[in-house]
Amino acid sequence: LNRLSGVLLPFFLAWLISYILFPLVKFFQYRCRLKFRIVGILCAFLVVGIVLTGLLWVMIPPMIEESMRVKDLLVAYVSNDETMSNIPNMVEDYIHKNLTTEDIKAIVTQDGFLEAIKQTLPKLWDVIVQSINVLSSVLTLTMVLLYTLFILLDYEEITSGWVDLLPERYRKFAVQLVGDIEQGMNLY
């Protein structure tokens, strides 16, 4: 299992995504009367993608606005030498003794943030390692999406035939366990 964990984790994640998406695929295939299952799967992926994009589109601008307000509050806090009741005294003392208004502005503005990043990551090797990690993550995400696609294509056959993959002595318990889980999940 340890050797196969790099493959099994994306597979089980794809299985979970397939389990969640299957009712939507069934809706598109049977209620919307799409002739081919692949069209229903692509429609389900499209709907989920649109919903997630809409959520991000709604959530990102307020987060940016709040981060700008935090920047303004930090600058006002340091420049006016004020005290706030919800910040511990030790932290306030440290901020007032060691940080100036220019330091805060340099850190929280975009140019200052980029300059801080350039100073903290001077090595080219770190950039290469990060690029490889991003590429690996994109590859893993692609594998999960492909696994999900292929699982959804044969979902009914897989869910009815998985019992035959188990040894005979474990089948009864496994079927009972899965039945109990499905019954419990259907209550919600």
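Keep in mind it's a predicted model, so treat the numbers as computed, not measured.

**Here we look at the environment of valine 7**
Within the element layout of this structure, valine 7 appears in helix H1 (residues 5–31). A residue is classified by how much of its surface remains accessible, and valine 7, at 41% relative accessible area, is partly exposed. It is 9.1 Å that separates the C-alpha atoms of valine 7 and methionine 143, two residues lying 136 residues apart in sequence.

**Here we look at H1**
Residue pairs spaced three or four apart in an α-helix point in one direction, given the helix's 3.6 residues per turn. With 27 residues, H1 extends 38 Å between its outermost C-alpha atoms, agreeing within 8% with the 39 Å of an ideal straight helix rising 1.5 Å per residue. The sharpest bend along H1 reaches about 45 degrees and sits at leucine 21, with the proline proline 23 one to four residues further on. For H1, the set of buried residues is Pro10, Ala14, Ser18, Leu21, Phe22, Val25, Phe28 and Gln29. Positive phi appears at arginine 33, one or two residues downstream of H1, with a value of about 55 degrees.

**Description of the packing of aromatic side chains**
Scanning the model with the defined rule gives six aromatic pairs in all. Ring geometry for phenylalanine 11 against tryptophan 15: centres 6.3 Å apart, planes inclined by 40 degrees, an arrangement best described as tilted. Pair noted here: phenylalanine 11 and tryptophan 15 are both in helix H1, with a separation of four residues, about one helical turn. When its relative accessible area of 30% is taken as the criterion, phenylalanine 11 is described as partly exposed. Measuring from centroid to centroid gives 4.2 Å for phenylalanine 22 and tyrosine 155, while their planes differ by 25 degrees, and the two rings are stacked. On the criterion of sequence distance, the pair formed by phenylalanine 22 in helix H1 and tyrosine 155 in helix H7 (residues 155–161) is long-range, its members being 133 residues apart. Tyrosine 155 shares its class with phenylalanine 22; the two are buried. Taken together, the ring pairs connect Phe11, Phe12, Trp15, Phe22, Tyr147 and Tyr155 into an aromatic cluster.

What counts and what doesn't
- Residues numbered from 1 in each chain as written.
- Predicted model: local features only at pLDDT ≥ 70, side-chain atom pairs only at ≥ 80, totals over all residues.
- Heavy atoms only, no water.
- Helix = DSSP H or I, 4+ residues; strand = E, 2+ residues; numbered from the N terminus.
- Buried < 20%, exposed > 50% of the residue type's maximum accessible area, 1.4 Å probe, protein only.
- Expected span 1.5 Å × (residues − 1).
- Bend = angle between axes of the 7 residues up to and from the residue.
- Phe/Tyr/Trp six-rings, centres within 6.5 Å; stacked < 30°, edge-to-face > 60°.

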